[in-house]
Amino acid sequence: MMKREKPNHTTLSDLELASRIAATDVAAVRLVTGRNNQRLYRTAWSILKDRSEAEEAVQDGYMKAFNAIKTFAGSSSLSTWLTRIVVNEALDRRRRAQKRSRMLDQESVLVLEEYREKLMAGSHSHSPEKLLMRRQIAKLLEA
């Protein structure tokens, strides 16, 4: 039997690596991820400033890239293509987090205002102690 030689993946072009990945060549995937992990993580972290979110962005970026690897045309390097995908993923995650934060902030303000109104409505007496208490509570809530 003739022994098949394993290809030396380190000498393959980006297009050849991409087509190997598309053909589910595990060695090609390992080589590409090994070459790009650090850069992609640093890129995602620079956008997200959160370790676990950056790791998730890189993983999701790889999944998206490898699912679309057949579309890699080679007009840029494979690492540039991967970086762009991870940048887009990280920016999307940051946008979603900011939107969630804004929604929570708005909800908190509405709940706080509602609570304040109920609290203030409950004290109908105009005694000096109650007026002072109302002012102090109002200041605390505003702070």
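None of the values given here were measured: they were computed from a predicted structure.

A.B. asks: Can you walk me through the environment of Asp-92 in this structure?
C.D. replies: Relative to the elements of secondary structure, Asp-92 occurs in helix H4 (residues 78-121). The class of Asp-92 is partly exposed, set by a relative accessible area of 25%. The spacing of Asp-92 and Ala-57 is 35 residues in sequence and 9.3 Å in space, taken between C-alpha atoms. A polar contact is formed between the side chain of Asp-92 and the side chain of Arg-96, at a distance of 2.5 Å.

A.B. asks: Even after reading the chapter, I still don't get the pattern of salt bridges, so can you show me in this structure?
C.D. replies: In a structure, side chains of opposite charge can pair up when their charged atoms sit close to one another. Applying the stated criterion across every chain, the model contains eight salt bridges. One salt bridge connects Asp-60 with Arg-93, and the closest N-O pair in it is separated by 2.4 Å. Here the residue Asp-60 occupies a position in helix H3 (residues 51-67), and Arg-93 occupies one in helix H4, the gap between them amounting to 33 residues. Judged by its relative accessible area of 28%, Asp-60 is partly exposed. One network of salt bridges, with partners in common, ties together Glu-53, Asp-60, Lys-64, Glu-89 and Arg-93.

A.B. asks: I'm lost on unusual backbone geometry in this one. Help?
C.D. replies: Of note in the backbone geometry, Thr-24 takes a positive phi value of approximately 55 degrees without being a glycine. In this structure, Thr-24 sits in the loop between helix H1 (14-22) and helix H2 (26-48). Under the relative-accessibility criterion, Thr-24 is labelled exposed at 65%. For Lys-49, which is not a glycine, the phi torsion comes out positive at approximately 55 degrees. Taking relative accessible area as the criterion, Lys-49 reaches 52% and is therefore assigned exposed.

A.B. asks: What exactly am I supposed to notice about the packing of H2 against H3 here?
C.D. replies: To describe two helices that pack against each other, one gives the angle between their axes and the distance between the axes. Direction vectors running N to C along H2 and H3 enclose 135 degrees, while the axes themselves pass 8 Å from each other. Classified by the angle between their axes, H2 and H3 sit oblique to one another. H3 is crossed by H2, and the crossing has right-handed handedness. Judged by residue contacts, Val-29, Val-32, Thr-33, Asn-36, Asn-37, Leu-40, Tyr-41, Ala-44, Trp-45 and Leu-48 of H2 engage Arg-51, Glu-53, Ala-54, Glu-55, Ala-57, Val-58, Tyr-62 and Phe-66 from H3. Counted by class, the contact of H2 with H3 contains twelve nonpolar, three polar and three charged residues.

The rules we used
Residues numbered from 1 in each chain as written. Predicted model: local features only at pLDDT ≥ 70, side-chain atom pairs only at ≥ 80, totals over all residues. Heavy atoms only, no water. Helix = DSSP H or I, 4+ residues; strand = E, 2+ residues; numbered from the N terminus. Buried < 20%, exposed > 50% of the residue type's maximum accessible area, 1.4 Å probe, protein only. Polar contact = N/O pair within 3.5 Å; in protein donor to acceptor, adjacent residues only side chain to side chain. Salt bridge = Lys/Arg side-chain N within 4 Å of Asp/Glu carboxyl O. Axes fitted to C-alpha atoms, helices over the stretch in contact; angles between N-to-C directions. Parallel < 35°, antiparallel > 145°, perpendicular 65-115°, else oblique. Left-handed = near helix turned anticlockwise from the far one by under 90°. Contact = heavy atoms within 4.5 Å. Nonpolar A, V, L, I, M, F, W, Y, C, P; charged D, E, K, R; others polar.

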